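Per-entry structural report
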Amino acid sequence: MKTDLTDTTASKINKALVKGRRAIGTPAVGMVLTLVIVTDEENAYDALKAANDASREHPSRTLVVIKRVSRSPRDRTQSRLDAEVRVGADAGTGETVILRLHGEVVDHAQSVVLPLLLPDAPVVVWWPVDAPLDPAGDPLGALAQRRVTDTYSSEQPVRELTARAGTYTPGDTDLSWTRITPWRSMLAAALDQVSVEVKAVEVEGEEFNPSCELLAMWLADRLDVPVRRSLSSGPGLTAVRMETSNGPITLDRADGSLATLSIDGQPDRAVALKRRDTAELIAEELRRLDPDDTYASALRFGVHRLNVSDGPADIAEEQVTPAAEASSEGPSAKGEPDGGESDDGEAPAQAPAPEAAEPPALKPVPSGLAGNGKAAK
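Since the structure is predicted, the reported quantities are computational estimates derived from the model, not experimental observations. (Residues numbered from 1 in each chain as written. Predicted model: local features only at pLDDT ≥ 70, side-chain atom pairs only at ≥ 80, totals over all residues. Heavy atoms only, no water.)

1. Section: the overall build of the protein chain
Inclusion rule: Only DSSP runs of H or I covering at least 4 residues are called helices, and only runs of E covering at least 2 are called strands; the numbering of each starts at the N terminus. The cut-offs for exposure are 20% and 50% of the maximum accessible area for each residue type, with area from a 1.4 Å probe on protein chains only; residues under the lower value are buried, those over the upper are exposed, and the others partly exposed. Note on definitions: a residue-residue contact is assigned when non-hydrogen atoms from the two residues lie within 4.5 Å. Per-residue and other accessible areas were derived by the Shrake-Rupley procedure at a 1.4 Å probe size, with only the shown protein chains allowed to occlude residues.
A tally of helices and strands in the protein chain yields 11 helices and 18 strands. Looking at the protein chain residue by residue over its 377 residues, the buried ones come to 51%. Within the protein chain, contacts between residues separated by at least 24 positions form 72% of all contacts whose residues are at least 6 apart in sequence. As displayed, the protein chain offers around 17100 Å² of accessible surface, 50% of which is attributable to carbon and sulfur atoms.

Below you can see the structure in the form of structure tokens.
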């Protein structure tokens, strides 16, 4: 059931929700949370479809906030709220309200959303695109227990990871982190099978892919070993290679769906490691509403501490690690890494490193991603 409301108010929207529930014979509210999606017209359809699919696992009231751009100065001074209310089969297993904000009300979206939140239920805010650099400082983000962004949709995803680390607040998370959950589980399970000392790690994947950087930072943070970031044609993450005291351990996924786990002295095993769609990622994030301390630790490790090469020549902020100086290939750690050697084999131009204290050399420790008292997610 759909109800269109033009130039309306939050009170009229709530009445339309009650009327819609009664019309379909379900007057009781059975939702477990409120999901607020902040997006634009171009991405609203895909985001809403993913939220409706995720609602089969997490029945929720979905509020889609679309801030419309006014064309004339007069329109910018006139506030108007249009809404589309969906209940029943048109809204998955929950309720959906599409809010289109016009004029000055665009700058006060929280005043429209607040009366529509489910009472005594957690709130999750998701920005599919154009997320603020400080989600917790955003007026809508301040209403939520969990704030979901997607660094992959930004123009400079790797550089944005550094900004996210500087503004991190408990409750923040990123779909780029959610995408590597199967990889982290598989790597942790592989190290649980053998008793080895990990000496170095290489993470291979697409250029400008924040999931690759986050996985590399997680491994470097947990294992306390040098991690090298190299490039491939994708899709996404393609391989993780760990050099250990008993031979290499490799998790290789060349086609984006089926991976091969190779452990020295054991037969190769095929493991399912497909690329998941957005609905699956959102459903995973809605399963937990507590702060993700593992994500926070990996994010704060810092992209610049990875042993990488081939960063853009125009980036002035870079830092060379001791491990990079000792490498025969001469990779360097930069403020915005984007992979290993270039296809033509030529090393890129390097800007002089800033006068800053270099981080201490990373030392090998016994294997296991839960080393130093840290548990893998």
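So much for the structure itself; the text now carries on.
2. What to know about the environment of A165
Take A165: it is sitting in helix α5 (residues 157-167). Classification of A165 as partly exposed rests on a relative accessible area of 22%. Separated by 137 residues in sequence, A165 and G302 have C-alpha atoms that sit 7.7 Å apart. In this structure A165 touches L299 and R300, once residues within four positions along its chain are discounted.

3. Description of the sheet that holds strand β5 (residues 95-102)
Let me state the cut-off plainly: Any two strands are treated as partners once DSSP identifies two or more bridges connecting them. Here the axes come from fitting lines to C-alpha atoms, over the contacting stretch only for helices, and the angles between their N-to-C directions go from 0 to 180 degrees.
Taken together, eight strands build an open sheet; the order of strands is β1-β4-β5-β3-β2-β6-β7-β8 and the sheet is mixed. The strands lining the two open edges of the sheet, one partner per strand, are β1 (2-5) and β8 (172-174). Averaged over all pairs of adjacent strands, the angle between strand axes in this sheet comes to 15°, irrespective of strand direction.

4. Details of the packing of helix α8 (residues 210-223) against helix α10 (residues 293-301)
Going by this rule: Should an angle lie under 35 degrees it is considered roughly parallel, over 145 roughly antiparallel, and from 65 to 115 roughly perpendicular; all remaining angles are considered oblique. Residues are grouped as follows: nonpolar covers Ala, Val, Leu, Ile, Met, Phe, Trp, Tyr, Cys and Pro; charged covers Asp, Glu, Lys and Arg; every other residue, Gly included, is treated as polar.
Following both chains from N to C, one finds α8 and α10 inclined at 95°, their axes separated by 8 Å at the closest point. Looking at the two axes, α8 sits roughly perpendicular to α10. Contacts between α8 and α10 involve L214, M217, W218, A220, D221 and R222 on the former and, on the latter, T294, Y295, S297, A298, L299 and F301. Residues of the contact of α8 with α10, tallied by class, amount to eight nonpolar, two polar and two charged.

5. Some details on the packing of aromatic side chains
What counts, and what does not: When two rings of Phe, Tyr or Trp (its six-membered ring) have centres within 6.5 Å they constitute a pair, described as stacked for plane angles under 30 degrees, edge-to-face for angles over 60, and tilted for the intermediate range. Comment: the charge-over-ring label is applied if NZ (Lys) or CZ (Arg) is within 6 Å of the ring centre and within 35 degrees of the ring normal.
A full pass over the atoms with the stated rule returns two aromatic pairs. Geometrically, the ring pair formed by Y168 and Y295 is edge-to-face, given 6.0 Å between the ring centres and 65° between the ring planes. Residue Y168 is located in the loop between α5 and β8, and its partner Y295 is located in helix α10; the two are separated by 127 residues in the primary sequence. With respect to burial, Y168 and Y295 carry one shared label: buried. Ring centres of W177 and Y295 lie 5.6 Å apart, and the angle between their planes is 55°; on these two criteria the pair is classed as tilted. Of the two residues, W177 is situated in helix α6 (residues 175-178) and Y295 in helix α10; the sequence distance between them amounts to 118 residues. An aromatic cluster is built from Y168, W177 and Y295, whose rings are joined through pairwise contacts. Of note, R184 hangs over the ring of W218, and the distance from its end group to the ring centre comes to 5.6 Å.

6. Regarding the environment of A89
Along the chain, A89 falls in the loop between β4 (80-87) and β5. As a C-alpha pair, A89 and K2 span 87 residues in sequence and 9.8 Å in three-dimensional space.

7. Description of unusual backbone geometry
For D130, which is not a glycine, the phi torsion comes out positive at approximately 55°. Its place among the elements puts D130 in the loop between β6 (123-126) and β7 (146-149). Residue D130 is classed as exposed on the basis of its relative accessible area of 67%. The backbone of F208 sits at a positive phi, close to 60°, despite the residue not being glycine.

8. Some remarks on the nonpolar core
The following threshold applies: Among the buried residues, those of types Ala, Val, Leu, Ile, Met, Phe, Trp, Tyr and Cys that are joined through side-chain atoms within 4.5 Å form a nonpolar core.
V201, V203, L215, L219, V240 and M242 are the most contacted members of the largest nonpolar core, which totals 42 residues. Considering every element that reaches this core, the biggest residue donor is α8, with nine residues. Sequence-distant contacts of V201, that is, excluding residues within four places in its chain, are made with L219, L223, V225, P226, V227, R228, V240, R241 and M242. Membership of the second largest hydrophobic core comes to 29 residues, among which are A10, L17, V97 and L99.

9. Some thoughts on the pattern of salt bridges
Selection rule: For this document, the term salt bridge refers to a Lys or Arg side-chain nitrogen within 4 Å of an Asp or Glu carboxyl oxygen.
Following the criterion strictly, the structure yields 20 salt bridges and no others. Linking E202 and R228 is a salt bridge whose minimum nitrogen-to-oxygen distance equals 3.5 Å. Of this pair, E202 sits in strand β9 (residues 197-205) while R228 sits in strand β10 (residues 227-231), and the two are 26 residues apart along the sequence. One salt-bridge network, held together by shared partners, links E202, E204, R228 and R241.

10. Concerning the pairing of β7
Of the two faces of β7, the one lined by R146 and V148 and the one lined by R147 and T149 are each fully buried. Relative to β7, β6 runs parallel, the two being bridged by three bridges. Across the sheet, residue W126 finds its bridge partner in β7, namely V148. Judged from the three bridges that link them, β7 and β8 form a sheet pairing that is parallel. Among the inter-strand pairings, T149 is bridged to a residue of β8, identified as D174.

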